[in-house]
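# Examination of the molecular architecture
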Amino acid sequence: MTARDYIPDSTTPPPGYDPAREQMLDFGVDADLAKVVASDRKNFILTTLDEVFNWARLSSIWPVTFGLACCAIEMMSASATRYDIDRFGAGAFRPTPRQADLMIVSGTVTAKMASRLKRIYDQMPEPKWVVAMGSCAIGGGPYFKYGYHVVKGVDLLVPVDVYIPGCPPRPEVLLDGLMRLQDKIRGRRGRFRPPVWVSEYAKKIPYQNTGK
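In this report, the structure presented in the accompanying data block is examined. Quantities reported herein were computed from a predicted structural model and do not represent experimental measurements. (Residues numbered from 1 in each chain as written. Predicted model: local features only at pLDDT ≥ 70, side-chain atom pairs only at ≥ 80, totals over all residues. Heavy atoms only, no water.)

### Comments concerning unusual backbone geometry
Quick reminder of the rule: Helix and strand labels come from DSSP, where a helix needs a run of H or I of at least four residues and a strand needs a run of E of at least two; each type is numbered from the N terminus.
In this model, Glu126 is joined to Pro127 through a cis peptide bond whose omega is -5 degrees. In this structure, Pro168 follows Cys167 across a cis peptide bond, with omega equal to -10 degrees. In this fold, Pro168 is placed in the loop between strand E3 (162–164) and helix H7 (171–186). If you check the backbone angles, Asp84 has positive phi at about 55 degrees while not being a glycine. Within the secondary structure, Asp84 sits in the loop between helix H4 (71–78) and strand E1 (102–106).

Take a look at the structure:
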């Protein structure tokens, strides 16, 4: 026999012992786990692998560091602190086209620059996208008629996904074009909704109604 056999079993706590201490150590882990398991039965998402990849692509667009003319100043302003293009996951401008998937053609494309632009586009890995920023990149701009040295639209060289008009377009317009590109990557066509200021400004334009 040992000394433990002589200790009588008693459910009465010793003098000075507070039974509330046992309740302090009960964190209710089992009950919390049961609630989590019950809630996880409803928290699930059904999607496809392509949608997951597209979501990752549109959330981490890496533009190539590429600027041609005055529209590039607006592109730099969009990437600065006031407009912060990095909010849309497109602030990591890459110094090499082999690490980029977006080319923002911001400025006038001359005939001498056309071959360089095409070479940079060819060095970008797939999938890749192109944004034509400004009237010069879209169709030659003010050099359309007499500018023999200007390419009349960058879409003659590379396929363009989003056109951003303006001379030059403001950083807000570039951000809107980036969101349209994200919708295209997501696979959503969407419906064009002109901003309120467009209709308000159109009402103030004086014109003569000829009845035609």
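And the narrative resumes.
### Let's talk about a nonpolar patch on the surface
To be explicit about the condition: Each patch is assembled from residues with relative accessible area greater than 30% and no salt bridge, linking like charges that lie within 9 Å and nonpolar side chains (Val, Leu, Ile, Met, Phe, Trp, Tyr) that lie within 5 Å. Note on areas: these come from Shrake-Rupley sampling with a 1.4 Å probe, and a residue is covered only by the protein chains present in the view. Every case where a carboxyl oxygen of Asp or Glu lies within 4 Å of a side-chain nitrogen of Lys or Arg is listed as a salt bridge. To sort residues, take the accessible area from a 1.4 Å probe on protein chains only and compare it with the maximum for the residue type: under 20% means buried, over 50% means exposed, and anything in between is partly exposed.
A grouping of Leu49, Val52 and Phe53 is seen on the molecular surface, where their side chains present a nonpolar patch of about 280 Å² in accessible area. The exposure class of Phe53 is partly exposed, given its relative accessible area of 42%.

### Looking at the packing of helix H3 (residues 49–58) against H7
Which entries qualify depends on this criterion: Axes here mean lines fitted to C-alpha atoms, for a helix over just the part in contact, with angles spanning 0 to 180 degrees between N-to-C directions. Our angle categories are set so that under 35 degrees counts as roughly parallel, over 145 as roughly antiparallel, 65 to 115 as roughly perpendicular, and the remainder as oblique. Two helices cross in a left-handed way if the nearer one is turned anticlockwise from the farther one by less than a right angle. They cross in a right-handed way if the turn is clockwise. Throughout, a residue-residue contact means that at least one pair of heavy atoms, one from each residue, lies within 4.5 Å. Under the grouping applied here, Gly and all other residues not named as nonpolar or charged are polar, the nonpolar ones being Ala, Val, Leu, Ile, Met, Phe, Trp, Tyr, Cys and Pro and the charged ones Asp, Glu, Lys and Arg.
The N-to-C vectors of H3 and H7 enclose an angle of 165 degrees; their axes lie 9 Å apart at closest approach. In terms of axis orientation, H3 runs roughly antiparallel to H7. H3 and H7 meet at a crossing whose hand is right-handed. Every residue of H7 that contacts H3 at Asn54, Arg57 and Leu58 is listed here: Gln182, Ile185 and Arg186. Each residue belonging to the contact of H3 with H7 can be placed in one class, and the counts come to 2 nonpolar, 2 polar and 2 charged.

### Observations concerning the packing of aromatic side chains
Cut-off, in case you're wondering: Between rings of Phe, Tyr and Trp, where Trp is taken as its six-membered ring, a pair exists when centres lie within 6.5 Å; planes separated by under 30 degrees are stacked, by over 60 edge-to-face, and by other angles tilted. Either the NZ atom of lysine or the CZ atom of arginine qualifies as a charge over a ring when it sits within 6 Å of the ring centre and within 35 degrees of the ring normal.
Tallied over the entire structure, the rule returns 0 aromatic pairs. The ring centre of Trp62 lies 4.9 Å from the NZ or CZ of Arg94, which sits over that ring. One residue, Lys128, lies across the ring of Tyr121, its end atom 4.1 Å from the ring centre.

### Section: the side chain of Lys128
Keep this limit in mind: Counted as a polar contact is a pair of N or O atoms within 3.5 Å, where, for protein atoms, one must be capable of donating a hydrogen and the other of accepting one, and residues adjacent in sequence contribute only when both atoms are in side chains.
Relative to the helices and strands, Lys128 resides in the loop between helix H5 (111–123) and strand E2 (129–133). Side-chain polar atoms of Lys128 contact the backbone oxygen of Tyr121, separated by 2.7 Å. Within polar-contact distance, the side chain of Lys128 engages the backbone oxygen of Met124 at 3.2 Å. If near-sequence neighbours (up to four positions away) are discounted, Lys128 is found in contact with Asp101, Tyr121, Asp122 and Asp161.

### Quick word on the pairing of E1
Spelled out, the test is: If the strands point away from the viewer and the path from the first strand over the helix to the second runs clockwise, then the crossover is right-handed.
Among the 5 residues of E1, 5 are classified as buried, and the element is accordingly described as predominantly covered. Residue alternation in E1 divides its side chains into two sets, Leu102, Ile104 and Ser106 and Met103 and Val105, and both sets are buried. In terms of handedness, the path from E1 via H5 over to E2 forms a crossover that is right-handed.

### Some remarks on the pairing of E2
Applicable threshold: If DSSP finds at least two bridges between two strands, the strands pair.
A large share of E2 lies buried, amounting to 5 of its 5 residues. Here E2 shows no split at all, with Trp129, Val131 and Met133 on one side and Val130 and Ala132 on the other all buried. Summarising the sheet, E1 and E2 pair through 5 bridges and their orientation is parallel. Paired with Leu102 across the two strands is Trp129, which belongs to E2. Where E2 and E3 come together, 3 bridges link them in parallel fashion. Within the sheet, the bridge partner assigned to Val131 lies in E3 and is Val162.

### Brief notes about the nonpolar core
This is how it is decided: Here, nonpolar core means buried Ala, Val, Leu, Ile, Met, Phe, Trp, Tyr and Cys residues that are tied together by side-chain atoms lying within 4.5 Å of each other.
Grouped together as the largest cluster of nonpolar side chains are 22 residues, with contacts concentrated most on Ile61, Leu102, Leu174, Leu178 and Leu181. Secondary structure elements with two or more residues in this core: H4, E1, E2, E3 and H7. It is H7 that contributes the most residues to this core, 5 residues altogether. Excluding residues that lie within four positions of it along the chain, Leu174 makes contacts with Met75, Ala78, Ile104, Met133 and Ile164. Listed in part, the 17 residues of the second largest apolar core include Val109, Val130, Val151 and Val158.

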